[in-house]
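# Structural overview for review
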Protein chains: 2
Amino acid sequence: MSEATTTDLYEVTMALSYLREGMTGPATFSLFVRDLPPERGFLVAAGLDSALDYLSHLRVGPEDVEDFAAALHRPADELLPLRGLEFTGRVRAVPEGRIVLAGEPLLEVTAPLPEAQLVETYVLNRLGHQTLIASKAARCVLAADGRPVVDFSLRRTHGPQAGFQAARLGALVGFAGTSNVAAAAATGVPAVGTMAHSYVEAFPGEEEAFRAFARTHPGPLTLLVDTYDTEAGVRVAARVLRDLGRGPGSAVRLDSGDLGALAVRARALLDEAGLPDVRIIASGGLDAYAVDDLVRSRAPIDVFAVGTRVGVSADAPYLDSAYKMVEYDGRPVMKLSSAKVTAPGPKQVFRRPGCADVIALADERPPGDGTPLLETVMTGGRRTGERPTLDDGRARFAADLAGLPAAARRVRAPVAPRATVSGRLAALAADVRRRIDERMPAAGPRPSRAASAACGPLRPAAHRPVSR
Amino acid sequence: MSEATTTDLYEVTMALSYLREGMTGPATFSLFVRDLPPERGFLVAAGLDSALDYLSHLRVGPEDVEDFAAALHRPADELLPLRGLEFTGRVRAVPEGRIVLAGEPLLEVTAPLPEAQLVETYVLNRLGHQTLIASKAARCVLAADGRPVVDFSLRRTHGPQAGFQAARLGALVGFAGTSNVAAAAATGVPAVGTMAHSYVEAFPGEEEAFRAFARTHPGPLTLLVDTYDTEAGVRVAARVLRDLGRGPGSAVRLDSGDLGALAVRARALLDEAGLPDVRIIASGGLDAYAVDDLVRSRAPIDVFAVGTRVGVSADAPYLDSAYKMVEYDGRPVMKLSSAKVTAPGPKQVFRRPGCADVIALADERPPGDGTPLLETVMTGGRRTGERPTLDDGRARFAADLAGLPAAARRVRAPVAPRATVSGRLAALAADVRRRIDERMPAAGPRPSRAASAACGPLRPAAHRPVSR
C-alpha cells in the first residue's frame, strides 16, 4: 500500500478543498495526549523516526490520485491539485526516549494547511502506538527494579510490524533482549530464547531433550523445566548442566504455575546441586503488575520475560491522542470545552527539575532552571539532523527517568506530574477565551455570520462545548 | 525485515537441533484459541491469507542465516543446515470468515518437524491478531442491528498495517465502509469520510466552511455539525443543504456529547427543514456496547462509525491462542494439565446446526448433519486453490452468523456454544491419558528414563500439571 493513501479519506477531502479555496497559509498542528491512561505516571515519547520517514518520503503520485478519485467517485483530473503534493513543512518534536506528560506536545507540524492536514492520520498512528508501547514497557523495567527484562511478545502483537516495534521500544526503555530475531538484527539488541515445551515433548524425556539441545548448542544453555513437573525438571536440568560442565551462564526457565514459589524451590535445588550461578528466568503472562508482585515477594528470579500484555499494552491498548490546529495564517486558534482547553499557539515545553514542566509559547525564553523538550527535527520537509540511534533514545530515557519523582515511578497507583502553563500562554488563552465568550457564548444562540467572521483570528470556540 | 527472521529465536534453536538430530519426521501442530475473551460469544476465523503468503514464500536465505548466527553468537557455517529451508508441508485450515469456537483448530500444519516448528511465531501472530479484530468488529455489526457500520480506526491502531487489517476485517464481517483510503483501494470497500473539526475551524464560521466544502465536492455531503454547538450546527447544515439542493444522500455527523439525545434533536430539525432523507452519522469512541445502547434507545442514527476501540479490540486486545504439537512421526501427542487438555492427533471440526460443533479426528467421517470446517489449503508448501476473495469470506461469515444461536449473538453477556468431542477422539484421549497416568504421574516422582522412553508415543504428559 502507498503511504500517501494510508490516511483517512477526510484528510484528502479537506486538503483538496483547501487547495481549491487557496487556503495554503501556514498552519501549526499540535500532537499531544490529553490524559494518561489509568495506572500510568508518565509517557515515553516514541515513534518520531517512523513519522519523519513518512513525512520526508510523502509524495502524492498519479496512482495515489487515482485511488483518491476512486474513493470519491470522481474523475482523477478533478483532483489534480493534489498531484505531486509533498510535505514541505517544519517539525518540532520531543526526541524519542524523553519522558512526557499529559497535554504536552509530542510534536508540532507547521506547514501549508493542506499538507499539515493531510499527514494527520499517519503521524497520529505512529506516535500514538509507539509512545503507548514504550510507556507500557517502561513500567516493566521499573517493576523489575534492576533485574533484566526481555521481550517475548511477537506471537501476540497486532501484526508482525507491531512486534518489531515492541522489541525495539522495549530496548529503548532498557530491556536486555528480545526473542524477535529480526528486531535483534535491526537494532543490535541481544536475541534471547532457547526452547519451547514442544521441543521437550518431541523427545522421550526431558533429559534426552536437554542433552540433545546441548549437543547442538555450545556454551551456556537455558533449559525449560516445566514441561512435566517443574521440580523434577529442575533436577534433570541440574544433572545435565553439571555433567556437561555447562553451569556458568546457564539458566532454567519457569513458564507456568506459581512462579514465586517455584523459583524458591528451583533456587534451592540448583544451589544444592552446586550450581549457584545458574540463573532463573520467569515467563508466562507477565507484565509490570506481576513482575512487581514477584520482586516484592523477593522471589529469586534473575530475568523476567514479558510478552503479550506488554506488546499490546493490554490494560490500556490506546492513548487519548489528539492532533489539533493551534495556529493558522499567523493567528492563534483555540478549542474550548467545558472539560478541557486546547491552548492556542505553537508551544514549547520546558522541563524543570522533578518534571515540574512548564508548557509555554514556542517563542518564550525558558525559565532559569528549564530546558526545552521540543527540538526542530525537520525544516522544508527534510530532516535537520542525523537519524537518531537507539542508544541516543536509551540515554535520554535513562536520564529523564532519573529525574522522575518516585510517585510517578510506582507501578501501582502512580501519581503523574502535571505540567503548568506559562504566564504568557495563560494570558493568551484567557484573552482568546474572553473574546470568544463575548462573541460566541457556547450555550447561547450562534452569533451572526458577520460577528463570527469579525472574531476571525480567535475562533474557533467551544468545540464539544456542552456535554448533554 | 526478512519474514524468515520475523520469529522467536527459540524456533531457530529448536529447528537447528532437530536438523542436527535427524528429527525430520512429519509433525502436526494445531493452532487454536483455548478460551474466548470475556464478552465474546464466538470468533471469526481470519488471517489465513497472510499466513499462507508467509508459508509459501518462506525461504531461509544466506542473510537470514547470518542474522541467526549473530543472534546465537556462532559462526554462520555452524548453522548451514538451516540454509535454504523452506516450508514444504501441508496446511488444513478454517477458511476466513467462518465462525469458530474455543478449542477448535483454526489451522493445522503438517510438515517435517523443523519446518513445522519454525513457522509457529509468525502464524500465531497473523491468525491471532486478525481473528481477534474480526471477532470484535462482528459484535459491532450485531449491535447495529442492520444499520451500516463504518471503520474509522486507522489513527489509533498498532501501526498502519494493523489499520489496514482493521479496515479489511471490518469489511469481512459486514462493515459498509472505511475511512482508510489504502484499504478501500485494495479491498474494494467503499471509502468514507468528509471533514474534521479543524476544517470548520479554518473558516470564519460553520456556514462558510460547509459552503466551501460544497464548492469543492459535488454530490451528497456529510457535514460535521458539532464543532461549536450541535443544534446550531444542524440548523446551518440544513440551510446549506437546502439552499444548494444537496439534501438527497447527504448526512450530518455527530461526534461528541450525548449522541442519542443529539440525534433525536438533529432528526427533528432536519425533518422541520424538509430534509427527511438527510441521514445522521454518529462517531466518537463507539464500540459494540455503545452502539447497542444507542440502538436499544431507538436513537435515530442511520450510520455508526467505530474506531479506536474496535481497531485495537480495546476490551480484550489479545486472544489466548496456542500452537501445539499433536502428532509427531505418526504418534499422537497430548498435553495434560489439571485445567485443560490438548487432545491428541490431527483433527477436524464438524459444524452441526446451531453451532453444535463436534471436534473429531481428522480421518473421521462426519456425523450425518455435520460439515467439515477445516479444508486443505496448502500441500507441498503451495496453495491448493485460488486466493480467496473478501466476498468469499463475507459470504461465509453471513452464512455462519445466520446459524449462530441467539444467545451467542448478544452484545452483552453472550453465551458461547461449546464444541463437543467425538467418541473416537475422546477414546484416544482417554487411552493416552491412562497410559501417561500409569507411567508418569504428575504429582509423583519422575519416572526413570527407561520408563519414560518406553511410553514414547504417548508422552508428553502433564505440561503445567499443578497450579501451586
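Residue positions within a chain follow its written sequence, with the count starting from 1. All chains are assigned letters beginning at A, and all ligands numbers beginning at 1, according to the order in which they are written. Thresholds applied to this predicted model are a pLDDT of at least 70 for local features of residues and 80 or more for the giving and counting of side-chain atom pairs; totals over whole chains, interfaces and linings are not thresholded and use all residues.

Now for the overall build of chain A. Scanning chain A from N- to C-terminus turns up 17 helices and 19 strands. Overall size of chain A, expressed as C-alpha extent along the three principal axes, is 90 × 50 × 45 Å. Backbone-placed C-beta atoms define the burial measure: a residue is buried with 20 or more other C-beta atoms within 10 Å of its own, exposed with 12 or fewer, and partly exposed in between. Within chain A, buried positions represent 59% of all 468 residues. Counting contacts in chain A only where the partners sit at least 6 residues apart, residues at least 24 apart contribute 71% of the total. Only DSSP runs of H or I reaching four residues or more are called helices, and only runs of E reaching two or more are called strands; each is numbered from the N terminus. Think of it this way: build a C-beta for each residue from its backbone, and any pair within 7 Å is a contact.

Turning our attention to the interface of chain B and chain A. Chain B puts 102 residues into the contact, and the matching count from chain A is 100 residues. Looking at the side of chain B that touches chain A element by element, the count peaks at 9 residues for helix 1 (residues 9-21) of chain B. Polar here means any residue outside two lists: the nonpolar Ala, Val, Leu, Ile, Met, Phe, Trp, Tyr, Cys and Pro, and the charged Asp, Glu, Lys and Arg; Gly therefore counts as polar. Residue classes in the side of chain B that touches chain A are distributed as 51 nonpolar, 34 polar and 17 charged.

Here we come to the domain arrangement of chain A. All names here are of chain A. Residue ranges labeled as domains rest on an automatic or database domain assignment. Under the domain assignment, chain A is made up of domain 1 (9-133 + 316-432) and domain 2 (137-311). Here domain 1 and domain 2 have C-alpha centroids that lie 38 Å from each other. Across the boundary between the two partners, domain 1 contributes 14 residues, which contact 16 residues of domain 2. Going through the elements one at a time, helix 5 (120-144) and helix 14 (390-402) are the ones with two or more residues in the side of domain 1 that touches domain 2. Counting residues per element, the side of domain 1 that touches domain 2 draws most heavily on helix 14, which supplies 4 residues. Residues of the side of domain 1 that touches domain 2, tallied by class, amount to 6 nonpolar, 4 polar and 4 charged.

Moving on to the sheet that holds strand 10 (residues 279-282) of chain B. All names here are of chain B. Strand order in the open sheet formed by 6 strands is 7-6-11-10-9-8, and the pairing between neighbours is parallel. The open sheet has two edge strands with one neighbour each: strand 7 (177-178) and strand 8 (222-224). As paired elements, strand 6 (residues 149-151) and strand 11 (residues 303-306) share 3 bridges and run parallel to each other. Across the sheet, residue Val 149 finds its bridge partner in strand 11, namely Phe 304. Being paired, for any two strands, means DSSP has found at least two bridges between them.

On average, chain A scores 91 in pLDDT, and the residues at 70 or more come to 91%. pLDDT measures how confident the predictor is about each residue, on a scale from 0 to 100. In this model, residues 441-468 of chain A is a region of pLDDT below 50 whose contacts with residues beyond four sequence positions or in other chains number 69 contacts.

The fit set for superposing copies consists of C-alpha atoms from residues with pLDDT of at least 70 in both; the fit itself is least squares. For the pair chain B and chain A, the best superposition has an RMSD of 0.0 Å and corresponds to a rotation of 180° with a translation of 0.0 Å parallel to the axis. The superposition operator between the copies reduces to a two-fold rotation axis. Minimal C-alpha distance to the rotation axis in chain B is attained by His 158 of chain B, lying at 3.1 Å. Both copies present the same face, since 98% of the interface residues in chain B are matched by interface residues at the equivalent positions in chain A.

Residue and element names in this part refer to chain B. Pairing is mixed in the open sheet, where 4 strands are placed in the order 16-14-15-19. Every interior strand has two partners, whereas the edge strands, strand 16 (371-372) and strand 19 (420-421), have only one. As paired elements, strand 14 (residues 347-351) and strand 16 share 2 bridges and run antiparallel to each other. Among the inter-strand pairings, Phe 350 is bridged to a residue of strand 16, identified as Pro 372.

Moving on: helix 2 (residues 48-57) of chain B. For helix 2 of chain B, the complete set of buried residues consists of Leu 48, Asp 49, Ser 50, Ala 51, Leu 52 and Leu 55 of chain B. As for helix 2 of chain B, its buried residues are in contact with strand 3 (90-93), strand 5 (107-112), helix 5 (120-144), strand 17 (375-379) and strand 18 (382-383) of chain B.

As a further point, take the packing of helix 2 (residues 48-57) of chain A against helix 5 of chain A. All names here are of chain A. Their axes nearest at 8 Å, the elements helix 2 and helix 5 cross at an angle of 165°. Put simply, helix 2 runs roughly antiparallel to helix 5. With respect to the hand of their crossing, helix 2 and helix 5 are arranged in right-handed fashion. Note on element contacts: helix 5 touches helix 2 through Tyr 122, Val 123, Arg 126, Leu 127 and Gln 130, opposite Leu 48, Ser 50, Ala 51 and Tyr 54. Residues that form the contact of helix 2 with helix 5 fall into these classes: 6 nonpolar, 2 polar and 1 charged. Lines are fitted to the C-alpha atoms to define the axes, a helix being fitted only along its stretch in contact, and any angle between axes, read from their N-to-C directions, falls within 0 to 180 degrees. The labels follow the angle: roughly parallel below 35 degrees, roughly antiparallel above 145, roughly perpendicular from 65 to 115, and oblique for the rest. Crossings are classed by handedness, with left-handed meaning an anticlockwise turn of the near helix from the far one by less than a right angle and right-handed meaning a clockwise turn.

Residue and element names in this part refer to chain A. As a packed pair, helix 5 and helix 12 (residues 288-296) sit with axes 8 Å apart at the nearest point and diverge in direction by 5°. Here helix 5 is positioned roughly parallel relative to helix 12, judged by the angle of their axes. The segment helix 5 lies against helix 12, with Arg 139, Cys 140, Ala 143 and Ala 144 engaging Ala 288, Val 291, Asp 292 and Val 295. Considered class by class, the residues forming the contact of helix 5 with helix 12 number 6 nonpolar, no polar and 2 charged.

What follows concerns the pairing of strand 17 of chain B. All names here are of chain B. Bridge count for strand 3 against strand 17 is 3 bridges, and the pairing is antiparallel. Residue pairing across strands places Val 91 opposite Met 378, the latter belonging to strand 17. Where strand 17 and strand 18 come together, 2 bridges link them in antiparallel fashion. If you follow Thr 379 over to strand 18, its bridge partner there is Arg 382. Between strand 17 and strand 18, which follow one another and run antiparallel, lie 2 residues, and Gly 380 among them has a positive phi close to 55°.

Moving on, we get to helix 5 of chain B. Residues and elements named next belong to chain B. The terminal C-alpha atoms of helix 5 lie 36 Å apart, and with 25 residues this matches the ideal 36 Å at 1.5 Å per residue to within 8%. Counted residue by residue, helix 5 has 25 buried out of 25 residues, so it is predominantly covered. With its phi angle positive at about 55°, Asp 145 sits one or two positions after the end of helix 5. Multiply 1.5 Å by the residue count of a helix minus one, and that product is the helix's expected span.

Its identity is not glycine, yet Asp 145 of chain A carries a phi of approximately 50°, on the positive side. The exposed category is assigned to Asp 145 of chain A, around which 11 C-beta atoms lie within 10 Å. A positive phi angle is found at Arg 298 of chain B, which is not glycine, with a value near 60°. By secondary structure assignment, the location of Arg 298 of chain B is in the loop between helix 12 (288-296) and strand 11.

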